[in-house]
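Remarks on the overall topology
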Amino acid sequence: MSRLKKFITSALLAAAIAAPAFGSANAVTLKWGSRADIYSLDPDSVASTSNLAVLNQIYEALVRYDKDFKIEPALATKWELIDGKRWRFTLRKGVKFHDGSDFTADDVVASMKRVTDPTSPLRGNIPLFVDCQKVDDYTVDIGVSAPTALFLNDMTNIFMFSAKWLKDHDSEKPTDVATKVEVYATLHTNGTGPFKLESRVPDSKTVLVVNDQWWDTKKHNIDRIEYLPITSAATRVAALLSGEIDLIDSAPIQDLPRLESSPGIVVKKRTELRTVFIGFNRRDKLEDGRPNPFNDIRVRQAFEDTIDRDLINKKVMRGLARPSGSLIAPEISGYAKELDTYGKANPEEARKLLAEAGQENLAFTYLCMNDESINEEDICSGVANMLKRGGFQPTIDMGPRAVQQPKRTTGKADVFNLSWANEPTLDAYSLLSQVLSTRNGAMGVSNYGGWSEPELDKLVQQAAQEPDTEKRLALEAAALKIAKDKVMLVPLHQQPIAWAMLDKIKSVDFRADNKPRHWLTQMAE
């Protein structure tokens, strides 16, 4: 980045933080700093937990999780499974969209049609969906391909739009961040949630104000939220310490001791549900036209043999991550302890395997992001050094998510990082159906590498149809074992998360899913 561009960016950030909230001198304002901006204001535009975590202040689903991750009513007051084929939802009456219009069954039908459109990046979030039918103004039937209650978990991330608003603004089709498809809903919102959009300047500031017409009992005391993306960790910490912002949801782990010892600062930390792993391009050819060496399992095994997870945790993650041989965290349903194993790094064995495969000194591009996983830049540097000792020749392609995500999703990366929290399902079925399954319709929508294991696909399909929980989890464990044995992905760790805030924030909901719920936040007035 040029000096001029850095200066302009810093000036814009300073202006965004310092800008007064006109007409709100007595407003209780939360200045919320994060390490990256959201991709879009359209919740259907990208399968990103971080994007939805911001937008769930604005939009709502039919059901939501309580503090114990149990399903509770939201825009629907009750539901029942009929004939094992359809969920009947009774909708909450008296709910208003931010534009004042009523929430009815027509809005649910339009929202479900939009999110399950073949072009929707979120269609894989509800792989069991079949159709949605209006019964009356406040009742809908949603057809499913299997009777499992996991469908309700999936629905916690499916947000409701106003059907009329979508039609009036030519936004009935979903947008897509990866292919740069944008419509009115990319930069505008109309939800039912506790906060509504006042203004947005991408990469600078997004302002939300309280929705006084919200249907739920108000448990927060916030009038205004200013969401401020601050990509520089040092700048983010400095802004908090100076009192220019109130909370950062991505406190740099290397700065936690300093923050914890600073007067007036409160730090909350824990391990996240999210597992970070490395994936491979598994198409017939790499982007440069070479026959793909990563389709040889010996190459993938050699790759994993070079990785020292414990050293990454010690040196890069400050001992705060949980090194893992499992693709899912222990808290996720379907976790199998016997699959959570990994060997010590063995670069000599890696070189031997590469020689057997005829791939000595294998050169490739390793795609990384500087604003996605915690300390990803340092992870990539460390992994690259380990790979070189094992006989690989990686070239790191580093950049922000906005630039790198399209490369990852369209097969332009040889090797890439990926992370998955199994949200909102909180079950291994999420990873198995959306990431590990062969891409086909609603399955494998986040299968960025183009891999395909028919035996795994069969087990995942059986799991989807199995109503008995114990039997379903056994099928999922068997599928995860295939993924591990085939080295489809190389898990590194469950990453740590830390929020740091001024002590003027009296209470904040901090959970393992790392989703801010500021309708539960209380600040000193």
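Residues numbered from 1 in each chain as written. Predicted model: local features only at pLDDT ≥ 70, side-chain atom pairs only at ≥ 80, totals over all residues. Heavy atoms only, no water.

Describing empty space enclosed by the protein
We apply this condition: Lining residues are defined by having an atom within 4 Å of a point belonging to a cavity or pocket. Those points lie on a 1 Å grid over the protein atoms alone, cavities being sets where a 1.4 Å probe fits but cannot get out and pockets being open sets with protein on both sides within 12 Å along at least five of seven lines. Grid points are joined across faces, edges and corners, and a volume is the space filled by probe spheres set on the points. Elements are defined by DSSP. Helices are runs of H or I of four residues or more, strands are runs of E of two residues or more, and each kind is numbered from the N terminus. Gly is placed with the polar residues, together with every amino acid not listed as nonpolar (Ala, Val, Leu, Ile, Met, Phe, Trp, Tyr, Cys and Pro) or charged (Asp, Glu, Lys and Arg).
Scanning the model with the defined rule gives 2 cavities of 30 Å³ or more in all. Estimated volume of the largest cavity: approximately 650 Å³. Looking at the largest cavity, it is lined by 42 residues, and the ones nearest its centre are Ser48, Thr49, Ser50, Arg274 and Arg401. Contributions of two or more residues to the lining of the largest cavity are made by strand 1 (29-34), helix 2 (49-55), strand 12 (265-280), helix 12 (401-409), strand 16 (415-420) and strand 17 (489-502). Per element, the largest residue contribution to the lining of the largest cavity is 5 residues, and it comes from helix 2. Taken together, the residues of the lining of the largest cavity break down into 17 nonpolar, 14 polar and 11 charged. The volume enclosed by the second largest cavity comes to roughly 60 Å³. Looking at the lining of the second largest cavity residue by residue, the classes come out as 6 nonpolar, 3 polar and 1 charged.

Here we look at the state of the cysteines
To keep things clear, this is the line we draw: The rule for a disulfide is simple: a pair of cysteine sulfur atoms within 2.5 Å. Here the term buried applies to any residue with accessible area under 20% of the maximum for its type, exposed to any over 50%, and partly exposed to those in between, with areas from a 1.4 Å probe on protein chains only.
Summed over all chains, the structure comprises 1 disulfide. In this model Cys368 forms its disulfide with Cys380; the gap between the sulfur atoms is 2.1 Å. Its S-S torsion of about -115° marks the bond between Cys368 and Cys380 as left-handed, since a negative value means left-handed. Taken together, the positions of Cys368 in strand 14 (residues 362-369) and Cys380 in helix 11 (residues 376-389) put the pair 12 residues apart, joining distant regions of the chain. No difference in accessibility class separates Cys368 from Cys380, as the two residues are buried.

Quick notes on the pattern of salt bridges
Operational definition: By definition, a salt bridge exists where a carboxyl oxygen of Asp or Glu is found within 4 Å of a side-chain nitrogen of Lys or Arg.
Taken as a whole and assessed by the stated rule, the structure comprises 35 salt bridges. Here Asp137 makes a salt bridge to Lys134, at a shortest N to O gap of 3.1 Å. Note on Asp137: relative accessible area 43%, which makes it partly exposed. The exposure class of Lys134 is partly exposed, given its relative accessible area of 38%. The residue Arg511 makes a salt bridge to Asp509 at a minimum N-O spacing of 2.5 Å. When sorted by exposure, Arg511 lands in the same class as Asp509, which is buried.

Some thoughts on helix 11
Test applied: Given a helix with a known number of residues, its expected span is that number minus one, times 1.5 Å.
Taking 1.5 Å of rise per residue, 14 residues should cover 20 Å, and helix 11 covers 20 Å from first to last C-alpha, within 8% of that figure. Taken residue by residue, helix 11 has Glu376, Ile379, Cys380, Gly382, Val383, Ala384, Met386 and Leu387 as its buried positions. A positive phi of about 100° marks Gly391, the residue just after helix 11.

With respect to the packing of helix 14 (residues 454-465) against helix 15 (residues 469-485)
Describing two packed helices takes the angle between their axes plus the distance from one axis to the other. Short version of the rule: Between N-to-C directions, angles span 0 to 180 degrees; the directions come from axes that are lines fitted to C-alpha atoms, helices contributing only their stretch in contact. Note on angle classes: values under 35 degrees are labelled roughly parallel, values over 145 roughly antiparallel, values of 65 to 115 roughly perpendicular, and the remainder oblique. Note on convention: near helix rotated counterclockwise from far helix by under a right angle means a left-handed crossing. Clockwise means right-handed. Note on contacts: a residue pair is in contact if any heavy atoms of the two residues lie within 4.5 Å.
Where helix 14 meets helix 15, the closest approach of the two axes is 9 Å, and the angle between their N-to-C directions is 165°. Put simply, helix 14 runs roughly antiparallel to helix 15. Relative to helix 15, helix 14 is oriented so that their crossing is left-handed. Contacts from Glu455, Leu456, Leu459, Val460, Gln462 and Ala463 in helix 14 reach Arg472, Leu475, Glu476, Ala478, Ala479, Ile482 and Ala483 in helix 15. A per-class count over the contact of helix 14 with helix 15 returns 9 nonpolar, 1 polar and 3 charged.

A closer look at the layout of surface pockets
Estimates place the volume of the second largest pocket at around 510 Å³. Forming the walls of the second largest pocket are 30 residues, and the residues nearest its centre are Arg64, Tyr65, Glu72, Arg517 and Trp519. Taken together, the residues that form the lining of the second largest pocket break down as 13 nonpolar, 4 polar and 13 charged.

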